[in-house]
Amino acid sequence: MGDDQGRRPAPVRLEDLAAPRFPEHVAEIMDSVAPMAAALELRPTALMDAASEATGLDDFGDTRFLEPLAVLCEALSTDVELSPMGKVSQHTLFAQLLANRLLVEHEIGRHPEILDEPLEAPIVIAGLPRTGTTHLHNLLSADPRLRSLPYWESLEPVLADAERVRPDGPPPDPDPRLARTDAALWFVNEAMPHFVRMHEMTTQHRHEEIQLLALDFSTMLFETTTPLPTYRDWFDATDQTATYGYLRRVLQVCTYLRRRDDGAPTRWVLKSPQHLAQFGPLLATFPDATVVVTHREPVAVTASMATMVAYSARLALAQPDPVDIGQYWGDRVEHLLDACVRDRDLLPADQTLDVRFDDFMADDLAMARRVEDLAGLPPDDAATAAIADYVATHPRGRHGTVEYEPALLGIDPGERAEALAFYARRFGV
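Residues numbered from 1 in each chain as written. Predicted model: local features only at pLDDT ≥ 70, side-chain atom pairs only at ≥ 80, totals over all residues. Heavy atoms only, no water.

**Q** Where do I start with helix 19 (residues 381-393) in this structure?
**A** Along an α-helix, residues three or four apart share an orientation, since each turn contains 3.6 residues. An ideal rise of 1.5 Å per residue puts 18 Å on 13 residues; helix 19 measures up with 18 Å between its terminal C-alpha atoms. Along helix 19, the residues that are buried comprise A383, I387 and Y390. The buried side chains of helix 19 occupy one side of the element, clustering within an arc of 55° when seen end-on. Exposed side chains of helix 19 directed beyond 90 degrees from the buried face belong to D381 and A392. Contacts from the buried residues of helix 19 go to helix 7 (133-141) and helix 18 (364-374). The backbone nitrogen of A382 lies 3.1 Å from a side-chain oxygen of the residue at the head of helix 19, namely D380. (Helix = DSSP H or I, 4+ residues; strand = E, 2+ residues; numbered from the N terminus. Expected span 1.5 Å × (residues − 1). Buried < 20%, exposed > 50% of the residue type's maximum accessible area, 1.4 Å probe, protein only. Arc of directions from axis to C-beta. Contact = heavy atoms within 4.5 Å. Polar contact = N/O pair within 3.5 Å; in protein donor to acceptor, adjacent residues only side chain to side chain.)

**Q** I tried to follow the nonpolar core on my own but got confused; where do I start?
**A** Across soluble globular proteins, nonpolar side chains have a tendency to be buried as a group. Ranked by internal contacts, the top residues of the largest apolar core, which has 107 residues, are F94, L98, F217, F222, L228, Y231 and L276. Here the element with the most residues in this core is helix 6 (residues 84-110); it accounts for ten residues. Apart from residues lying up to four places away in sequence, Y231 is in contact with P68, V71, L72, A75, D79, F217, S218, T219, F222 and E223. In terms of nonpolar packing, the next biggest core, distinct from the first, is built from 18 residues, L136, V269, F360 and I387 among them. (Core = buried A, V, L, I, M, F, W, Y, C linked by side-chain atoms within 4.5 Å.)

**Q** Help me understand the packing of helix 15 (residues 298-313) against helix 16 (residues 322-343) in this model?
**A** When two helices pack together, their arrangement is given by the angle between the helix axes and the distance between those axes. Two elements in contact, helix 15 and helix 16, have axes whose closest approach is 9 Å; the angle formed by their N-to-C orientations is 130°. Classed by the angle they form, the pair helix 15 and helix 16 counts as oblique. Crossing geometry of helix 15 relative to helix 16 is assigned as right-handed. Of the residues in helix 16, those touching helix 15 at P298, T302, M305, A306, V309, A310 and A313 are I325, G326, W329, G330, V333 and L337. Looking at the contact of helix 15 with helix 16, its residues break down into ten nonpolar, three polar and no charged. (Axes fitted to C-alpha atoms, helices over the stretch in contact; angles between N-to-C directions. Parallel < 35°, antiparallel > 145°, perpendicular 65-115°, else oblique. Left-handed = near helix turned anticlockwise from the far one by under 90°. Nonpolar A, V, L, I, M, F, W, Y, C, P; charged D, E, K, R; others polar.)

In structure tokens form, the structure reads like this:
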């Protein structure tokens with residue numbers, strides 16, 4: 001352990017949250033998109049037209065998504081000032097989400113049997129970032145009996161016919177979605193070289209289904225780019241059951257395509273912080289789910305999550321304000337934890353497990369086994385070996401760490417500790 005620790009990069013301070021500094025080649029790219037940004041419109045009809053033009057399709061399915069899309073476009077116009085790169089990135093994201101939606105509906109249209117995919121007994125991890133969710137998700141995803149969502153698939157769950165070996169056939173080898181994800185991550189890693197210290201992103205890494213929820217435009221994903229109080233208020237006041245039903249629909253498409261094309265397993269392991277405030281919709285959609293709720297001392301979690309969002313927001317905002325972001329995410333974390341305490345007892349006792357971070361870190365392999373026991377997965381030599389190999393090849397902190405400084409984000413640890421004491425008492429953290 002000592003030798004391994006010695007090889008790890010030294011901790012870093014993120015000193016440019018309010019006044020971003022980018023490598024010269026990244027700054028040049030960001031400056032070059034200004035003319036493109038000026039010509040783009042963040043309006044639902046313009047975005048839908050762009051998606052239809054890209055795919056040659058026009059059936060978006062249930063039009064319920066139009067309401068949140070309109071609220072989102074309005075919020076991005078009135079709540080914040082996007083940088084040119086921020087505007088281009090948001091336009092690109094929304095057009096791709098709409099294209100994905102068109103492709104999902106097209107696939108279901110020609111294979112209605114997709115909606116018969118059972119999606120039985122998924123394992124769902126609900127917890128804030130920095131509470132062990134990613135590590136637990138990765139451990140369980142290493143089990144070859146379970147199906148998880150690689151990052152590339154979360155970005156483009158359905159490949160257009162024009163890129164397949166034949167229409168309605170398998171993707172080519174290599175799948176072009178991999179190269180596109182590689183290219184996108186190259187820019188992320190160049191522009192945010194320290195992000196990997198907070199959350200590693202690779203083309204094949206196991207990702208949250210929040211990217212699939214975004215196809216319905218009703219998800220907290222959009223708030224992780226920039227504070228959006230107008231959209232936040234709409235989201236919090238809206239029952240998310242229908243959007244979770246749409247998530248199920250997209251997962252059925254993913255299950256069908258990958259099972260058909262490469263024999264992938266069909267039992268899912270999922271995770272997202274958003275689920276903490278959505279236990280009701282989650283259970284309505286997946287009544288037989290095993291739900292794992294992760295917990296950690298909440299003040300440090302608040303500071304680390306706000307730091308991660310503030311570091312990312314440097315790319316999107318014309319004038320990033322880390323204090324504004326810190327206050328916004330202090331409120332959002334409190335909202336999520338309040339909902340978790342309020343609704344925790346909705347989860348059936350024989351289908352759920354609370355996992356405290358310190359207990360998990362003391363013996364992560366044992367905790368993974370405990371989760372699988374609860375989920376009805378018997379011990380399996382291949383699964384045990386695969387999970388152990390993941391632990392051996394992915395030591396914690398191997399990319400280095402970030403020094404979290406609550407004051408830079410306007411976070412008062414004492415005030416937050418008092419505000420979040422209800423949660424700490426409830427779960428003993």
